[in-house]
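Remarks on the overall topology
For reference, the chains in residue letters:
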Amino acid sequence: MNRNMTEAGPVEGVVHPGHRVEFVLSPGDIQAVRFGISPGHELAHAVRVLLRPQQHPLQWGWLRTVRDRLPRESFRLLAGVIGDDGYMPDFLTAAPSWDMTPAAELEALRSTPLDPMRVDFGKMVLRSSGSRQSALREMQDQPARARAMIAGAWQEVWDAALAPVWPQLERLLRADIAVRSRTIATSGISGMANGLHQNVSWGAGAVRVRLRRHSEQVDCRGSGLVLVPSVMSSWGCMVLTEPPAQPTLFYPARGVTAGWARDATDVAGALSALLGSARAEILLGAGAARTTSQVAADTGIAVSTASHHLTVLRDAGLIASERDGARMLHLRTPLGEAMVGAVL
């Protein structure tokens, strides 16, 4: 970066340290911030990791297991659409939500409106060259055909690359959300935002995000802000700001290590050494609410034994139990989510 460019200030589309997006919120409005999960964002960045593995050392363990089983044609198609850096088409990511599943993400892609797709393809055509630009221009001219091809490739690459590790990946995402939610409750939005990433801060009623090529002020009053942790994009932050998408900030999930993709049996073993095998199994299964009888059946123990273990986990703050009519339902607490995520 030369001195003249710095003095001139940030220019849209040109790398500059002064670029910043500000998500303006009502001060203290906790309800304006919610968290979500985005399988589509994870897959798109998994493709970028595979294109530039040298830049993503935390993914090398996962890379070693996935390279030989990639469907080459489907991967080549997605790689051409996503690219290895910069702008990423919005249609690849449905609105992130707490209960978003890979199947729901794929269904949203299959039914995404064609006109916004044309716009996204147009943006990518301007940002590309050569054979990639020609392929993207053809997709822009035939968006219905392109949508079907991309959805088919999405399914094949997902099944090969992320489906085998989705349980581990999802646990990390939910553990991160649990910790951030607790921080909001204890320290407010400012305390949570300041701890998201070195490029994220809170000031003057806004969540501020330093970016490389883009500056914008987004009024989130009335629409709110969605915060989405990511395991695959561990290098930095991305944003969605263009309607009809809700303002969204993607940030690196905490606790991601080079061993995050290790087999689920290894995770269970680590927890078993700490809690005992029965309690570890109960805690791992408590990502969805279950009754005491269901816990007993799932772990193959007596109801009375399950009740005892649940009491111990509840007393330790790892499980929360709530009455639903005549039933008592048990679910991991934020502390329980954090513990499960920590062993990955």
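Residues numbered from 1 in each chain as written. Predicted model: local features only at pLDDT ≥ 70, side-chain atom pairs only at ≥ 80, totals over all residues. Heavy atoms only, no water.

**As for the layout of surface pockets**
Rolled over the atoms, a probe as big as a water molecule pinpoints where empty space is left. By volume, the largest pocket amounts to about 910 Å³. Looking at the largest pocket, it is lined by 32 residues, and the ones nearest its centre are Gly86, Tyr87, Leu211, His214 and Met238. Of all the elements in the fold, those that place two or more residues in the lining of the largest pocket are helix 2 (39-51) and strand 7 (238-240). Here the element with the most residues in the lining of the largest pocket is strand 7; it accounts for 3 residues. Each residue belonging to the lining of the largest pocket can be placed in one class, and the counts come to 12 nonpolar, 9 polar and 11 charged. Counted as a void, the second largest pocket has a volume near 470 Å³. Taken together, 23 residues form the lining of the second largest pocket, with Asp90, Phe91, Thr93, Pro244 and Ala245 sitting closest to its centre. Going through the elements one at a time, helix 5 (102-110) and helix 6 (114-126) are the ones with two or more residues in the lining of the second largest pocket. Of the residues forming the lining of the second largest pocket, the biggest block, 4 residues, is contributed by helix 6. When the residues that make up the lining of the second largest pocket are grouped by side-chain class, the tally is 14 nonpolar, 4 polar and 5 charged. (1 Å grid on protein atoms, 1.4 Å probe; cavity = no way out; pocket = protein on both sides within 12 Å on 5 of 7 lines; lining within 4 Å. Points joined across faces, edges and corners; volume = space filled by probe spheres on them. Helix = DSSP H or I, 4+ residues; strand = E, 2+ residues; numbered from the N terminus. Nonpolar A, V, L, I, M, F, W, Y, C, P; charged D, E, K, R; others polar.)

**Concerning the nonpolar core**
Counting 77 residues, the largest nonpolar core has Phe23, Trp62, Leu249 and Trp260 as the members making the most contacts within it. When residues of this core are assigned to their parent elements, the largest contribution, 9 residues, is made by helix 9 (residues 166-194). Setting aside residues no more than four positions away along its own chain, tryptophan 62 makes contact with Ala46, Val49, Leu50, Ala161, Leu162, Val165, Met232, Trp260 and Ala261. (Core = buried A, V, L, I, M, F, W, Y, C linked by side-chain atoms within 4.5 Å. Buried < 20%, exposed > 50% of the residue type's maximum accessible area, 1.4 Å probe, protein only. Contact = heavy atoms within 4.5 Å.)

**Examining the packing of helix 11 (residues 277-284) against helix 13 (residues 303-315)**
Between two packed helices, both the angle of their axes relative to each other and the distance between the axes serve to describe the pair. The interhelical angle for the contact between helix 11 and helix 13, taken along N-to-C directions, is 75 degrees, at an axis separation of 10 Å. By the angle class used here, helix 11 and helix 13 are roughly perpendicular. Across from Ala278, Arg279, Ile282 and Leu283 in helix 11, the residues of helix 13 making contact are His308, His309, Leu310, Val312 and Leu313. Residue composition of the contact of helix 11 with helix 13, grouped by class: 6 nonpolar, 2 polar and 1 charged. (Axes fitted to C-alpha atoms, helices over the stretch in contact; angles between N-to-C directions. Parallel < 35°, antiparallel > 145°, perpendicular 65-115°, else oblique.)

**Notes on the packing of aromatic side chains**
The tally for this structure, following the rule as stated, stands at 3 aromatic pairs. Relative to tryptophan 158, the ring of tryptophan 154 has its centre 5.3 Å away and its plane inclined at 5 degrees; by these criteria the two rings are stacked. On the criterion of helical spacing, the pair formed by tryptophan 154 and tryptophan 158 is a turn pair, its members being 4 residues apart in helix 8 (residues 143-161). A relative accessible area of 3% places tryptophan 154 in the buried class. In this structure tryptophan 158 comes out as buried when scored by relative accessible area, which is 5%. Three or more aromatic residues joined by ring pairs make a cluster, and in this case those are Trp154, Trp158 and Trp166. (Phe/Tyr/Trp six-rings, centres within 6.5 Å; stacked < 30°, edge-to-face > 60°.)

**Concerning the sheet that holds strand 10 (residues 319-324)**
Strand pairing in a sheet relies on backbone hydrogen bonds, with the paired strands running either antiparallel or parallel. With antiparallel pairing, the 3 strands of this open sheet are ordered in space as 9-11-10. A strand with exactly one partner marks an edge of an open sheet, and here the two such strands are strand 9 (290-291) and strand 10. Against the sheet, helix 13 engages strand 10 and strand 11 (327-332), with an angle of about 115 degrees to strand 10. (Pairing = 2+ DSSP bridges.)

**Topic: the packing of helix 4 (residues 72-82) against helix 7 (residues 130-141)**
In contact at an axis separation of 10 Å, helix 4 and helix 7 are set at 90 degrees when each is read in the N-to-C sense. One finds that helix 4 runs roughly perpendicular with respect to helix 7. Taking contact as the criterion, the partners of Leu77, Gly80, Val81 and Ile82 in helix 4 are, on helix 7, Arg132, Leu136 and Met139. Class assignment for the residues of the contact of helix 4 with helix 7 results in 5 nonpolar, 1 polar and 1 charged.

**Thoughts on the pairing of strand 1 (residues 20-24)**
Counting buried residues along strand 1, 4 of its 5 residues qualify, which places the element largely inside the surrounding structure. With 5 bridges connecting them, strand 1 and strand 4 (residues 206-210) associate as antiparallel partners. From the neighbouring strand, valine 21 faces strand 4, where its bridge partner is valine 209. In the sheet, strand 1 pairs with strand 5 (residues 216-219) via 4 bridges, with the strands oriented parallel. Paired with valine 24 across the strands is aspartate 219, a residue of strand 5.

**Quick word on the sheet that holds strand 5**
Within the open sheet, the 4 strands sit side by side as 3-4-1-5. Their pairing is mixed. The two strands at the open ends of the sheet, each matched to only one other strand, are strand 3 (200-203) and strand 5. The sheet shows a mean angle of 20 degrees between the axes of neighbouring strands, taken without regard to direction.

**Topic: the pattern of salt bridges**
The full count for this structure, using the stated rule, is 14 salt bridges. Taking the shortest distance from any N to any O, the salt bridge between glutamate 242 and lysine 123 comes out at 2.7 Å. Residue glutamate 242 is located in the loop between strand 7 and strand 8 (248-252), and its partner lysine 123 is located in helix 6; the two are separated by 119 residues in the primary sequence. For glutamate 242, a relative accessible area of 41% corresponds to the partly exposed category. (Salt bridge = Lys/Arg side-chain N within 4 Å of Asp/Glu carboxyl O.)

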